[in-house]
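One letter stands for each residue in the lines below.
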Amino acid sequence: MPQRTPRSRRPRLLGIAALLATLASCFVAAAPASAGSYRIWSCNTPAGKPTSTEGWTPNVGAPYSATGDNCGKGAGLDMLFGFQDGVTYSGGLGVTWKFAAPPNTLVGPVSYVQNRNVTANGADLQATAGAGVYRGDFLFDGDHLMSLCRSNDCTGASEQRVAFDGGGRPTWGFDAGCYGPANDPNVHCAGSSSSPRAFNSAKAIAITLIDDSSPTASNPGGTLLDAGARSGVETLTFNTADAGGGVWTGEVKLGDKVVTPRTVIDANGGRCAEVDVEPQFGNEFGYPVPCKTSTVTANLSVPTTGVPNGTHLLTATVYDVAYNATTVVSRRITVDNGAAGEVGAGGPNGTGGNPASGDVVLTSKLNKAGKISTHYGGKIDVTGRVVDGAGAPITGAALDVYETPDTAGGAKAKVGAVTTDAQGGFTYRPRTRGSRILEFAYAERIGLATYKDVLAVPLSVSAGVSLKLSRKAAGRRQLVRFAGKVRVDPFPVKGVRVAIEVRTGKKRWQVAKNVRARKAGAFSWSYRFSNRGPYEFRARVLSSGDLAARPAASKVQRLRVR
């Protein structure tokens, strides 16, 4: 743990350090790994950013019916059925959108924002056997019906998020059409030119793909594996490939210390990048096969200065997008970065500069308030530099990284390490799930427990909070349910206080109800409205001493009471 109290100093403005180099991958013999999964967002993200619709296929099986891919316009995968007078539709006819999982994957849990409207039965239905209904929305594998929305439970339904479990099947889809008992061909539905009898649309589609194929790895090489002792920054190369969602990252450890953090092996033209819609999920992408599956060559940079001189177990691992892992190499190597300067310490920590000539200075770029601010799950890079007292950069130096939750009594913990580049610069991407005090600690020699300098960087994170209403419009005395979720890490033992606020017109926000989000972060409230009018609601997180985040408010939700 750092033994020197961080001191305040005027920070220097620095350029953002270069991102970790993109690397390449290849086909090899894989060790067995447990089944994994990854999530893709089809059509749009919940924030309305268009994503890929790869894997989706429309089919129009009835006259005067249509499908449309309107995802790029902020809408969804749309279906219109039955909008023509004088046309009768047989049971089983309809329009569909079907998603096919990529090779070597299966469909798991699915959720999406749906907008659907199915007309009432009435006199529009003609049946010689049984009662026919219009339909809209079912989950299927081939013709296997899993769930059905009939006209009596989705008439006038508004946009909402719904969820199913794909059950580990190769396909999933939804439709609009005419349905009768067991798809009885004698059931008919009459059309209408005034409006479609069944409308169904889906957007912001989150699909979890099950991928139990491990990546392959072979032909390890590079200077790290050369004979003799290793020093400074070495290289490790290998071939890798994957049969599922693609090869994602490589990682290198010396002993129990990660010296090369997980590094993207091949960007695949920008596809192999997380979308981070829900950061707590961990591996979300915008394409069914986001990363490369074909053979490519990885080329990892491996600093050895972060461990003491001596023999260490080298472990290199490659991960696919589903977190399936394969060991590339596991062997012992010798590290020698110079003679030890103190008992129990290794060689000099870094090269260049002269750490012994004077004070070592760590600097970082902060805002005017002397901190770095972001929102829950935001992607930020903390950059800094290590120089000696004369301003010369210290290259290849290992800095220990600590985090302390910004709460009363928050416990400090070592969370990793970073290594300086040729200019003495370093880049660290912290977890942004709660406010922290980051500390970057430099020891003059490898393995020393006493640090020559410690840089403290306050990280201020606003809490994540969402709010959803069970309906967009309601009649008087009709029950409306408010539900939401607070996201922060660590989550307070006693929960988080949340104010559900309301306003009408241009009036100020007023508290409608104070609730508490418990351990899982969920909160809810129900209310029956007696007065008409348009209302606006939001959920606002309230501050407390055990909340490691800034207070924040959700997006505004609107409700019209008729």
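J.: Would you mind showing me how to read the overall build of the protein here?
T.: The number of helices and strands found in the protein is one helix and 39 strands. Residue burial in the protein is summarised as follows: out of 562 residues, 49% are buried. Of all intrachain contacts in the protein linking residues separated by at least 6 positions in sequence, the fraction that spans at least 24 positions is 74%. Split by element, the accessible area of the protein, about 24,900 Å² in all, is 50% carbon and sulfur.

J.: Would you mind showing me how to read the environment of V259 here?
T.: With respect to the helices and strands, the residue V259 is situated in strand β19 (residues 257–264). Excluding anything up to four places from it in sequence, V259 contacts V252, K253, L254, V302, P303 and V307.

J.: It is not clear to me how the environment of S462 should be interpreted in this structure. Could you clarify?
T.: Inspection of the secondary structure assignment puts S462 in strand β31 (residues 453–462). The spacing of S462 and V488 is 26 residues in sequence and 8.6 Å in space, taken between C-alpha atoms. Ignoring anything within four residues of it in the chain, the contact list for S462 reads T374, H375, Y376, A549, R550 and A552.

J.: How should the pairing of strand β6 (residues 94–100) be read in this particular structure?
T.: Consecutive residues of a regular strand have side chains that alternate between opposite faces of the sheet. Of all seven residues in β6, five are buried; the element is thus mostly enclosed. Strand direction decides the pairing type here: strand β2 (residues 56–60) and β6, joined by five bridges, are antiparallel. From the neighbouring strand, N59 faces β6, where its bridge partner is T96.

J.: Mind showing me how you'd approach the sheet that holds strand β37 (residues 522–528) here?
T.: Across a sheet, paired strands are connected by hydrogen bonds in the backbone, their directions being either parallel or antiparallel. Here we have three strands laid out as an open sheet, ordered β32-β34-β37, and antiparallel in their pairing. On the outer flanks of this sheet lie β32 (464–469) and β37, each paired with one strand and no other. Going across the sheet, the axis of each strand differs from the next one's by a mean of 15°, ignoring polarity. Pairing analysis gives seven bridges linking strand β34 (residues 479–487) to β37, with the strands arranged antiparallel. Within the sheet, the bridge partner assigned to K485 lies in β37 and is A522.

J.: Where do I start with the pattern of salt bridges in this structure?
T.: Charged atoms that come close allow side chains of opposite charge to pair. All told, the structure shown has 16 salt bridges when counted by the stated rule. Linking E403 and R431 is a salt bridge whose minimum nitrogen-to-oxygen distance equals 3.1 Å. Here the residue E403 occupies a position in strand β27 (residues 398–405), and R431 occupies one in the loop between β29 (425–428) and β30 (436–442), the gap between them amounting to 28 residues. Classification of R431 as partly exposed rests on a relative accessible area of 42%.

J.: Sorry, what's going on with the side chain of T420 here?
T.: Looking at where T420 falls in the secondary structure, it is placed in the loop between β28 (413–419) and β29. Here the side chain of T420 touches I394 through a polar contact of 2.8 Å, landing on its backbone oxygen. Here G396 takes part through its backbone nitrogen, which lies 3.0 Å from a polar atom of the side chain of T420. The contacts of T420, once residues within four sequence positions are left out, are V386, I394, T395, G396, A397, G425 and F426.

J.: Explain the nonpolar core to me, please; I cannot follow it from the model alone.
T.: A general feature of soluble globular proteins is that nonpolar side chains tend to end up buried together. In this structure, W56, W172, I205 and I207 are the most contacted members of the largest nonpolar core, which totals 36 residues. Among the elements that line this core, the one with the most residues is strand β15 (residues 198–211), at five residues. By size, the runner-up hydrophobic cluster in this structure holds 28 residues, among which are A463, F529, A539 and L559.

J.: Is there a simple way to explain the sheet that holds strand β36 (residues 510–517) in this structure?
T.: Spatially, five strands are ordered β33-β39-β38-β35-β36 in an open sheet, and the strand pairing comes out mixed. With partners counted over all chains shown, the strands left at the sheet margins are β33 (473–474) and β36, one partner each.

J.: What's the story with the confidence of the model for the protein in this structure? I'm lost.
T.: When pLDDT drops low, the exact placement of atoms in the prediction is not to be read closely. Summing up the model confidence of the protein, the mean pLDDT is 79 and the portion of residues at 70 or higher is 78%. Per-element mean pLDDT across the protein ranges from 41 in strand β8 (residues 125–127) up to 96 in strand β16 (residues 216–221). Segment residues 120–132 is flagged for pLDDT under 50; beyond a separation of four residues in sequence, or across chains, it makes 33 contacts in the model.

J.: Please explain the environment of R487 as it appears in this structure.
T.: Structurally, R487 is set in strand β34. Counting along the chain gives 62 residues from R487 to A549, while the straight-line C-alpha distance between them is 9.5 Å.

J.: So what exactly am I meant to see when it comes to unusual backbone geometry here?
T.: Among all residues save glycine, negative phi is the norm, and among peptide bonds the norm is trans. The omega torsion across D489 and P490 is 0°, close enough to zero to call that bond cis. Within the secondary structure, P490 is located in the loop between β34 and β35 (496–503). The phi torsion at N104 lies on the positive side, around 70°, for a residue other than glycine. Within the secondary structure layout, N104 lies in the loop between β6 and β7 (106–118). The backbone of A204 sits at a positive phi, close to 45°, despite the residue not being glycine. Along the polypeptide, A204 turns up in strand β15.

J.: What is the right way to look at the state of the cysteines in this model?
T.: Joining two cysteines, a disulfide is a covalent bond between their sulfur atoms. What the rule picks out here adds up to two disulfides. Through a disulfide, C43 is tied to C71; the S-S separation comes to 2.0 Å. In this structure, the disulfide formed by C43 and C71 twists by about -100° around the S-S bond and is classed as left-handed. With C43 in the loop between β1 (36–42) and β2 and C71 in the loop between β3 (66–69) and β4 (77–81), the pair connects residues that are 28 residues apart, well separated along the chain. The pair formed by C43 and C71 is uniform in burial state, with each residue classed as buried. Between the sulfur atoms of C272 and its disulfide mate C291 the distance is 2.0 Å. Between C272 and C291, the disulfide has an S-S torsion of 80° and is therefore right-handed. Note that C272 is positioned in the loop between β19 and β20 (284–285) and C291 in the loop between β20 and β21 (296–303), a separation of 19 residues in sequence.

J.: Before we go on, may I ask you to explain a positive patch on the surface in this structure?
T.: Together, K494, R497, R516 and R518 line one region of the surface with positive charge. Position of R497 relative to the elements: it lies in strand β35.

Basis of the calculations
- Residues numbered from 1 in each chain as written.
- Predicted model: local features only at pLDDT ≥ 70, side-chain atom pairs only at ≥ 80, totals over all residues.
- Heavy atoms only, no water.
- Helix = DSSP H or I, 4+ residues; strand = E, 2+ residues; numbered from the N terminus.
- Buried < 20%, exposed > 50% of the residue type's maximum accessible area, 1.4 Å probe, protein only.
- Contact = heavy atoms within 4.5 Å.
- Areas by Shrake-Rupley, 256 points an atom, 1.4 Å probe, with all protein chains shown as cover.
- Pairing = 2+ DSSP bridges.
- Axes fitted to C-alpha atoms, helices over the stretch in contact; angles between N-to-C directions.
- Salt bridge = Lys/Arg side-chain N within 4 Å of Asp/Glu carboxyl O.
- Polar contact = N/O pair within 3.5 Å; in protein donor to acceptor, adjacent residues only side chain to side chain.
- Core = buried A, V, L, I, M, F, W, Y, C linked by side-chain atoms within 4.5 Å.
- pLDDT = per-residue confidence, 0-100.
- Disulfide = S-S within 2.5 Å.
- Patch = residues over 30% accessible without salt bridge, like charges linked within 9 Å, V, L, I, M, F, W, Y side chains within 5 Å.
- Lys, Arg positive; Asp, Glu negative; His and termini not counted.
- Charge placed at Lys NZ, Arg CZ, Asp CG, Glu CD.

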